[in-house]
Amino acid sequence: FWCRDDYNVEHILRNQELRKQGGRSLGIAHGLPIASILVPMWRYIDCDIYYVLGRHILRYYGDKWSPHMTVRAVGSMGLERRYLPLLDAPRPHDIVFSAKPGRNADMLVKLATQVCDAFLDRTIYLHLKPGFDKTSAAKDFIARVTAGRSNIRLTGQPIYELFLRARYLIADPSTVGAEAIQFGLASFVLDIDDRKTLIFRDFPDMCVNSGDEVVDRIRAIEAGTWTYPREKFEPLVALNRRTVHDMVREDLGLPPYTIPASEAAA
């Protein structure tokens, strides 16, 4: 039974009944806890196999999750099979700026414009979280950031496709901040508001507090004076080069997926 309702406590009762019949339940965590680290609906999970972005989540939830449950770190569900051959392809030094403008819009505007003005030689892809791009706050944010700047490009392209067009991601707190690392980007998460908890603070090399800090980090990488510590973030997001779908197939006893000859020919 494929479980996509881990946020409902009823999943525990259903899975108990499945086991009585010899069944197994497989569930998946929906990203990372962002608004707060301890999210009530994730406190008690009981599947047979539970797929997560990375094992760091167990630091906060492992003591309440079912002890017989296998927790498997699989990385981003956005890493589709068609992206795998492209992960090692050369990419321009462009930047993806992913944001969800809210009460910290003024700080986001300042930070985004600092980055744009510091890197006039490259494209800055401005990506707003789907569903927020039509709000009045988002429209105001877009107008203020893009005014008089030709190197910033507003885009509605899916974020996972944008990952393959840039080397850097700057994002306000979101799961994409971790997912981008698996795609090979140097990813930085903005820690610029007054939230009391933020899971990314457990990885200080990912967090930035100002536009100047972002610019300094990128320039240090390109000057060779600082190396982005990708391996440090393995607990946050698995850095494997396999899709979640293929790992689920493995757990179901199915062979690795192969592209049918008809699809390969097309």
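Everything here concerns the structure above.
Along each chain, the written sequence defines residue order, and numbers are assigned to residues from 1. It should be noted that, the model being predicted, local features are given only for residues of pLDDT at least 70 and side-chain atom pairs only at 80 or more, the latter also being counted only at that level, while totals for whole chains, interfaces and linings use all residues. Side-chain calculation: all heavy atoms of the structure are included, whereas hydrogens and water are not.

As for the sheet that holds strand β1 (residues 2-3)
To keep things clear, this is the line we draw: One requirement defines pairing of two strands: DSSP has to find at least two bridges between them. The way it works is that DSSP assigns letters per residue, a run of H or I at least four long becomes a helix, a run of E at least two long becomes a strand, and they are numbered from the N terminus. Any two residues whose heavy atoms approach within 4.5 Å are treated as being in contact. To get an axis, fit a line to the C-alpha atoms, keeping to the stretch in contact for a helix; angles then go from 0 to 180 degrees between the N-to-C directions.
Taken in spatial order, the four strands make up an open sheet running β1-β2-β3-β4, and their pairing is parallel. Of all the strands in the sheet, the pair left with one neighbour each is β1 and β4 (70-73). Taken together, the four bridges between strand β3 (residues 49-52) and β4 define a ladder with parallel strand orientation. Its bridge partner being in β4, Val52 is matched across the sheet by Ala73. Contacting β1, β2 (26-28), β3 and β4, helix α8 (residues 244-251) runs over the sheet at an angle of about 165° to β3.

Concerning the nonpolar core
Using the following cut-off: The set of buried Ala, Val, Leu, Ile, Met, Phe, Trp, Tyr and Cys residues whose side-chain atoms join them within 4.5 Å is what this entry labels a nonpolar core. Relative accessibility decides the category of a residue: with a 1.4 Å probe and only protein chains considered, values under 20% of the type maximum give buried, values over 50% give exposed, and everything between is partly exposed.
Formed by 59 residues in total, the largest nonpolar core has its most connected members in Tyr50, Trp65, Phe97, Phe141, Leu190, Phe200 and Met206. The leading source of residues in this core is helix α3 (residues 105-118), at six residues. In this structure, Trp65 is in contact with Trp42, Arg43, Tyr44, Ile45, Tyr50, Val52, Ile57, Leu58 and Val71, ignoring residues within four places of it in sequence. Core analysis: the next-biggest nonpolar cluster, separate from the first, contains 16 residues, Val96, Leu162, Leu164 and Val176 among them.

Things to note about the sheet that holds strand β5 (residues 95-99)
Within a sheet, each strand pairs with its neighbour through backbone hydrogen bonds, oriented either parallel or antiparallel. Here six strands make up an open sheet; going across it, the order is β7-β6-β5-β8-β9-β10 and the pairing parallel. Both outer strands of the open sheet, β7 (152-154) and β10 (207-208), are each paired with one neighbouring strand and no more. Looking at chain direction, β5 and strand β8 (residues 168-171) are connected through four bridges and run parallel. Paired with Ile95 across the strands is Tyr168, a residue of β8. Taken strand by strand, α3 contacts β5, β6 (124-128), β7, β8 and β9 (186-190), and its axis lies near 175° from that of β5. Together, β5, β6 and β7 form the strand contacts of helix α4 (residues 136-146), whose direction differs from that of β6 by roughly 170°.

Thoughts on the pairing of β8
Quick note on the threshold: By convention a crossover is right-handed if, when the strands point away from the viewer, the path from the first strand over the helix to the second runs clockwise.
Judged by which residues are buried, β8 turns out to be covered on both faces: Tyr168 and Ile170 on one side and Leu169 and Ala171 on the other are all buried. Where β8 lies against β9, four bridges are found, and the strand directions are parallel. Looking at β9, one finds that Ile170 is bridged to Phe188. On the question of chirality, the crossover connecting β8 to the parallel β9 by way of helix α6 (residues 176-182) is right-handed.

Some points on the environment of Arg82
Definition in use: We call two N or O atoms a polar contact when they sit within 3.5 Å, provided that within protein one can donate a hydrogen and the other can accept it, with sequence-adjacent residues counted only if both atoms are side-chain atoms.
You can see Arg82 is positioned in the loop between β4 and β5. Spatially, the C-alpha atom of Arg82 lies 9.8 Å from that of Thr243, the residues being 161 residues apart in sequence. A polar contact of 2.7 Å, which involves the side chain of Arg82, links it to the side chain of Glu80. In terms of polar contacts, Arg82 uses its side chain to reach the side chain of Tyr83, at 3.0 Å.

Some points on α8
What sets the pattern is the α-helix's 3.6 residues per turn: residues three or four places apart point alike. If you check which residues of α8 are buried, you get Val244, Asp246, Met247, Val248 and Asp251. Against the buried residues of α8 lie β1, β2, β3 and β4. Remark: Gly253 follows α8 within two positions and exhibits a positive phi of approximately 80°.

Quick notes on the pattern of salt bridges
Proximity of charged atoms lets side chains of opposite charge pair with each other. For clarity, the cut-off: A pair is scored as a salt bridge if a Lys or Arg side-chain nitrogen falls within 4 Å of a carboxyl oxygen belonging to Asp or Glu.
Per the stated rule, a full pass over the model turns up 21 salt bridges. The partner of Asp88 in a salt bridge is Arg241, with the nearest N and O atoms 3.1 Å apart. Of this pair, Asp88 sits in the loop between β4 and β5 while Arg241 is found in the loop between α7 (211-223) and α8, placing the two residues 153 residues apart along the sequence. Owing to a relative accessible area of 43%, Arg241 belongs among the partly exposed residues under this scheme.

Digging into the environment of Asp48
Considering the arrangement of structural elements, one finds Asp48 in the loop between β2 and β3. Take Asp48: its relative accessible area is 16%, and that puts it in the buried class. Setting aside its immediate chain neighbours within four residues, Asp48 contacts Arg19, Gly23, Arg24, Ser25, His68, Met69 and Thr70. Among the polar contacts listed, one links the side chain of Asp48 to the side chain of Arg19, at a separation of 3.1 Å.

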